[in-house]
Amino acid sequence: MSDTPVNPVDGLLRMDRMPHIWCGGCGIGTSVNCFARAVAKAEIDHEHLHVVSGIGCTGRVAGYVNVDSFHTTHGRAIPFATGLSLSRPDSKVVVYSGDGDLTAIGGNHFIHAARRNIDMTVICVNNFTYGMTGGQVTPTTPYGAKASTTPYGNYEHTFNLPNLADSCGAQFVARWTVYHVRQLTRSITKALKTKGFSFIEVIAPCPTLYQRRNKLGDGVMTLQYYKDKSTIQNGADTADVGMSFQSDIIVGEFVERESLTFMEGYEKRMKEILGDGFVPYRGAK
Amino acid sequence: MKADPTAVASGMHFIDGNEACGEGAIAAGCRFVAGYPITPSTEVVENIARRFPKIGGLFIQMEDEIASSTCVQGAVWAGLKAMTVTSGPGISLMMEHVGLAAITECPTVFVNVQRGGPSTGLPTLPAQQDVMQARWGSHGDYEVIAVAPSSPQECFDHVITCFNLAEKYRCPVFFMMDETVGHMLGKVKIPPADEIEVVERVYTKRPPGEYLPYKIYDGDQPEMVRVGMGHRIHSTGLTHDERGYPDMNAEAQDKMVRRLCSKINDHVDEISIAESDQVEGSDVTIVSYGITSRVVAYAVDLLREQGLKIGRVRLVTLWPFNEKLIKDVAQNTKSIIVAEMNLGQMVHEVERVVAGKVPVHLIGHAGGAMIELQTIMDKIKEVAS
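1. Here we look at the overall build of chain B
From N to C terminus, chain B includes 13 helices and 16 strands. Relative to the 2.2 N^0.38 estimate, which gives 21 Å for 385 residues, the radius of gyration of chain B is 21 Å and therefore close to what a compact globule would have. Taken along its principal axes, the extent of the C-alpha atoms in chain B is 70 × 50 × 40 Å. In chain B, the proportion of contacts linking residues at least 24 apart, taken out of those at least 6 apart, comes to 78%. Entry remark: accessible area of chain B is about 13600 Å², with carbon and sulfur atoms responsible for 52%.

Here you go:
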């Protein structure tokens, strides 16, 4: 058996936890595959990579990656990761969660971590629904789309996540679908190398709930939709990348900017005011 | 271990309980605090925000109390000692993360400068109404430790107790201050660093591959790691097995929850601090805690001068409840009074343990002001006669 080919992403996965819980056709696993390849490409030492998740289907990612990982409470992965990231400046902290977790219950934390420019990468798998609890409406569910709690179709306005992250000051913002595995891998690699708050939205199917309830076919048909309807517009104004039901999808790397991180701002200010009296925070080093 | 001499503000100070609490946390080795402004606790973090940049600590004012209470747990897993500070509505918001600290066995200190409730209640006025919330506030079965100070000096001394207990028992620890003790000015002696006992976190010496994060190797606590040690741990708020992996069934739940409880309940004697000033065959023994215990002590002194046979017990540790002490009280006295700044919380614990052996009375107060000396004296005389 010694010449059995080894999957290049094996090293980053907890193989003793397989099989995973995700359904056939789900996009989360594809995104994890891209993430694992990006970690290798970015040459991040696994001992200095920490993954934090909230609750939900995507929230289970933390449990499958073979690094120090934390499966925290619903919506609160970002503040937990904030404490971790500030206290381990030598590590890369990644928050990996879904649209409901990060932008509904966790929306407040999302905007403030971006505003503070906390050094972390946030990967949001946006499948437009709460999968774990049976397909309820989320802040990204398109107008008119059916969910278990919008049986007559959604009537709320939706978040444009790249625009939200951009307006809060994120340093790097990208969106891809799980059809765009190479581009997604490249953007995650870039995000991991970005100093400060980086955000990646991954558009992904939930065939079991969102696609089925909206009669959109299976995972393969959804990938076909992503292929047909996506246009790459790097540098697009994030105000223009909003989505609606089965609309065109603008994908690409939208934002790259450089401003002081939380810690840089803190240290700069304290040095100015306290001079030699300032003792920098070194976390747990 | 001793405290860090470069950080401890050794000397005599005239400060309030809130400032003393921050100084105690610094002495205990806390170098990460996350909090959100809320009366009457805010001065704790204001002092921390002034002090930390000069001693290598980090304070972050988060967007709310929910964020604060989990941010500190991220710092703990990074390898820091950390606390959050709040009051009233803030501690209600933090309850989910009390449960997270309990199930993940994350040593976290929650300072609660109690004010009157429910809801917004009395932001600037004291109460002792969160005693049962500290014990039962997050969903599920678990145990916590809670300590109640009664003076600015004790705000310094016993926040150190809280950090030390958190490290030893790997659980959420509540520091149950109140508005009065928080804003009370008093003499606070901060000893030289080498006289302050500090419990340092003990990390596992087992190498990766020979270590499971929730396995009991020796004693009854799992061995801790921090991130980056190479063990690649997984920590989850789900019911988990020794590997830290989700294991959701009745057997795993029973094993985990019983251990979370027994690791504290089996050590009540070591955890518990109380002042017991009992009198054999007393007509009445009065049980109190926190700021109320100071009024009680004065009342008891005055009534003893008048010749009354009164015992006095002050609980410093509220949780785990010291059943042995209260059983002992019930053997030595004809009746018990519990005085507390709520309409009856700890009195239920006392009644449970006393189990009808002697009558148990309550001096309750809905909060907003301390229980008056005369009220306590009148009730003692009434019960004793």
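That shown, we press on.
2. Remarks on a positive patch on the surface
Residue and element names in this part refer to chain A. Taken together, the side chains of Arg37, Lys41, Arg182 and Arg186 present a region of like positive charge at the surface. Contributing elements (two or more residues each) for the positive patch: α1 (28-41) and α7 (181-193). As for its position among the elements, Arg186 is in helix α7.

3. Things to note about the pairing of strand β5 (residues 172-177) of chain A
Residues and elements named next belong to chain A. Judged by how many residues are buried, β5 sits mostly within the fold: six of six residues are covered. Neither face of β5 is exposed, since Phe172, Ala174 and Trp176 on one face and Val173, Arg175 and Thr177 on the opposite face are all buried. Summarising the sheet, β5 and strand β6 (residues 197-203) pair through six bridges and their orientation is parallel. For Arg175, the partnering residue across the bridge sits in β6 and is Glu201. You can see the chain leave β5, run along α7 and come back into β6, and the turn it takes is right-handed. Relative to strand β8 (residues 249-256), β5 runs antiparallel, the two sharing four bridges. Paired with Arg175 across the two strands is Gly252, which belongs to β8.

4. Some thoughts on the environment of Leu102 of chain A
Residue and element names in this part refer to chain A. With respect to the element layout, Leu102 can be found in helix α4 (residues 99-105). We classify Leu102 as buried; its relative accessible area is 2%. For the pair Leu102 and Gln246, spaced 144 residues apart in the sequence, the C-alpha separation amounts to 22 Å. Among all residues touching Leu102, those that are not within four sequence positions of it are Ile78, Val95, Ser97, Gly107, Phe110, Val122, Ile123 and Cys124.

5. Observations concerning the nonpolar core
The nonpolar side chains of a soluble globular protein tend to be buried, and buried together. Residue and element names in this part refer to chain B. Phe32, Phe174, Leu318 and Trp319 are the most contacted members of the largest nonpolar core, which totals 96 residues. For this core, the element with the highest residue contribution is helix α3 (residues 65-78), accounting for seven residues. Each of domain 1 (11-195) and domain 2 (274-384) contributes no fewer than three residues to this core. When residues no more than four places from it in sequence are discounted, the contact partners of Trp319 are Val131, Met132, Ala134, Arg135, Val144, Ile145, Ala146, Met346 and Glu349. Within the second largest apolar cluster, 66 residues are counted, among which are Cys21, Phe59, Val181 and Val296.

6. With respect to the environment of Gly11 of chain B
All names here are of chain B. With respect to the secondary-structure elements, Gly11 resides in strand β1 (residues 11-16). The sequence separation of Gly11 and Ile190 amounts to 179 residues, and the corresponding C-alpha distance is 5.2 Å. Not counting chain neighbours up to four residues away, the residues in contact with Gly11 comprise Val188, Lys189 and Ile190.

7. Details of the domain arrangement of chain B
All names here are of chain B. Each assigned domain of chain B is listed with its residue range as follows: domain 1 (11-195) and domain 2 (274-384). With centres defined by C-alpha atoms, the gap from domain 1 to domain 2 works out at 26 Å. Taken together, the contact pairs 27 residues of domain 1 with 24 residues of domain 2. Taking the shortest distance from any N to any O, the salt bridge between Glu154 and Arg314 comes out at 2.4 Å. For the interface between domain 1 and domain 2, the tally reads 17 residue pairs in polar contact (both at pLDDT 80 or more). Mapped onto the side of domain 1 that touches domain 2, the elements with two or more residues apiece are β6 (122-126), α5 (131-136), β7 (145-147), α6 (152-169), β8 (172-178) and α7 (179-183). Looking at which element gives the most residues to the side of domain 1 that touches domain 2, the answer is α5, with four residues. Across the side of domain 1 that touches domain 2, the residue classes tally to 17 nonpolar, six polar and four charged.

8. A short note on the layout of surface pockets
Over the atoms a probe the size of a water molecule is rolled, and this reveals where empty space is left. Space inside the largest pocket adds up to approximately 460 Å³. Along the walls of the largest pocket sit 26 residues, with Gly283 of chain A together with Gly29, Arg31, Gly79 and Leu80 of chain B positioned nearest its centre. Top contributing element to the lining of the largest pocket by residue count: helix α1 (residues 17-28) of chain B, with three residues. In the lining of the largest pocket, the residues fall into 13 nonpolar, four polar and nine charged.

About the criteria used
Residues numbered from 1 in each chain as written. Chains lettered and ligands numbered in written order. Predicted model: local features only at pLDDT ≥ 70, side-chain atom pairs only at ≥ 80, totals over all residues. Heavy atoms only, no water. Helix = DSSP H or I, 4+ residues; strand = E, 2+ residues; numbered from the N terminus. Rg over C-alpha atoms; globule rule 2.2 N^0.38 Å. Contact = heavy atoms within 4.5 Å. Areas by Shrake-Rupley, 256 points an atom, 1.4 Å probe, with all protein chains shown as cover. Patch = residues over 30% accessible without salt bridge, like charges linked within 9 Å, V, L, I, M, F, W, Y side chains within 5 Å. Salt bridge = Lys/Arg side-chain N within 4 Å of Asp/Glu carboxyl O. Lys, Arg positive; Asp, Glu negative; His and termini not counted. Charge placed at Lys NZ, Arg CZ, Asp CG, Glu CD. Buried < 20%, exposed > 50% of the residue type's maximum accessible area, 1.4 Å probe, protein only. Pairing = 2+ DSSP bridges. Right-handed = clockwise from strand over helix to strand, strands pointing away. Core = buried A, V, L, I, M, F, W, Y, C linked by side-chain atoms within 4.5 Å. Domains from an automatic or database assignment. Polar contact = N/O pair within 3.5 Å; in protein donor to acceptor, adjacent residues only side chain to side chain. Nonpolar A, V, L, I, M, F, W, Y, C, P; charged D, E, K, R; others polar. 1 Å grid on protein atoms, 1.4 Å probe; cavity = no way out; pocket = protein on both sides within 12 Å on 5 of 7 lines; lining within 4 Å. Points joined across faces, edges and corners; volume = space filled by probe spheres on them.

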